[in-house]
Amino acid sequence: GNWFSSGNMAMNYNHLWYTCCLGELAPESWTIAVVPEGTNGPSAKLHADTFSVLEMTENPEAAVVALEYLTNEAADDLTIAYGGMPGKNSLRDGYFEKLGADYEDVNWDIVVESQAYSDIPSHEAGMPNEIVARDAVAAFQEKLLNDPEFDVQGGLDELLVALQEVFDAVEN
C-alpha cells in the first residue's frame, strides 16, 4: 500500500499521475484541492515529461516515426496509462473524461489552473554540484532511517554545513 490510500492521512501533496496508485481507496473518499500558499506565494509542482530524439542516435528516421506514433496515435492511451495530463491541448478533454470516469466528483479544473503557479525553479531543476549534494543527503537519510541512536538535529546541522560547502564549491 501507500500512506495516502491507507486512509490514515488527512492531506497529501502529490502528483496527478498518482491517481493510478490509489488502490482500494473509494473514489468518493477523496478529492483534490489547491495547494495552500507558502511564504513565497502560490506554487504547484509540475512534471513535464518529454520525448526526444538525440542527434547521435543510430536510426534517427525510425526514432522520429516512433516518436510521432507515441505523441499522436498512442498519446490518448499513454496519457491514461501514465496518468499525466497531455501537453497537447487537443487531448486534454478526452483525458479528463477518461480519468474522471473513476473520480466523478473531482474538479479537474484545479489541475489546469494550477499550471499558472508552477514552481520556478522547478523542484526537478537540480542542485548545484548535484551528485555530491545527493550523496550528502543520502548519507544523512541512511543514518536517519537505520540508526535508532541518530541525533537528528545534530545530523541536520552537519548536513546543512556539508551542503553549503558543496554548493559553494560550484561558485568558486
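Residues numbered from 1 in each chain as written. Predicted model: local features only at pLDDT ≥ 70, side-chain atom pairs only at ≥ 80, totals over all residues. Heavy atoms only, no water.

Averaged over all residues, the pLDDT of the chain is 84; the fraction at 70 or higher stands at 95%. Of all helices and strands in the chain, the one with the weakest mean pLDDT is helix α3 (residues 89-100) (81), whereas helix α1 (residues 60-71) scores best (93). (pLDDT = per-residue confidence, 0-100. Helix = DSSP H or I, 4+ residues; strand = E, 2+ residues; numbered from the N terminus.)

By volume, the largest pocket is sized at about 1500 Å³. His 15, Leu 16, Trp 17, Gly 83 and Met 85 are, among the 47 residues lining the largest pocket, the residues nearest its centre. Among the elements of the structure, α1, α2 (75-82), α3 and α4 (109-114) are those that each provide at least two residues to the lining of the largest pocket. Among the elements that take part in the lining of the largest pocket, α2 stands out by supplying four residues, more than any other. (1 Å grid on protein atoms, 1.4 Å probe; cavity = no way out; pocket = protein on both sides within 12 Å on 5 of 7 lines; lining within 4 Å. Points joined across faces, edges and corners; volume = space filled by probe spheres on them.)

So, about the packing of aromatic side chains. Applying the stated criterion across every chain, the model contains four aromatic pairs. The interplanar angle of 70° and the centroid separation of 5.0 Å between the aromatic rings of Tyr 95 and Phe 96 together place this pair among those described as edge-to-face. Classification of Tyr 95 by relative accessible area gives buried; the value is 0%. A relative accessible area of 13% means that Phe 96 is categorised as buried. Among the aromatic residues, those joined into a cluster by ring pairs are Tyr 95, Phe 96 and Trp 108. (Phe/Tyr/Trp six-rings, centres within 6.5 Å; stacked < 30°, edge-to-face > 60°. Buried < 20%, exposed > 50% of the residue type's maximum accessible area, 1.4 Å probe, protein only.)

With glycine set apart, most residues show a phi of negative sign, and most peptide bonds adopt trans. We note that Asn 129 has phi near 55°; this positive angle belongs to a residue other than glycine. Following the sequence through the fold, Asn 129 ends up in the loop between α4 and α5 (130-146). On the basis of relative accessibility, which here comes to 31%, the residue Asn 129 falls in the partly exposed class.

Turning to the environment of Met 127, a few remarks are in order. Note that Met 127 resides in the loop between α4 and α5. Residues Met 127 and Leu 163, 36 residues apart in the sequence, show an inter-C-alpha distance of 10.0 Å.

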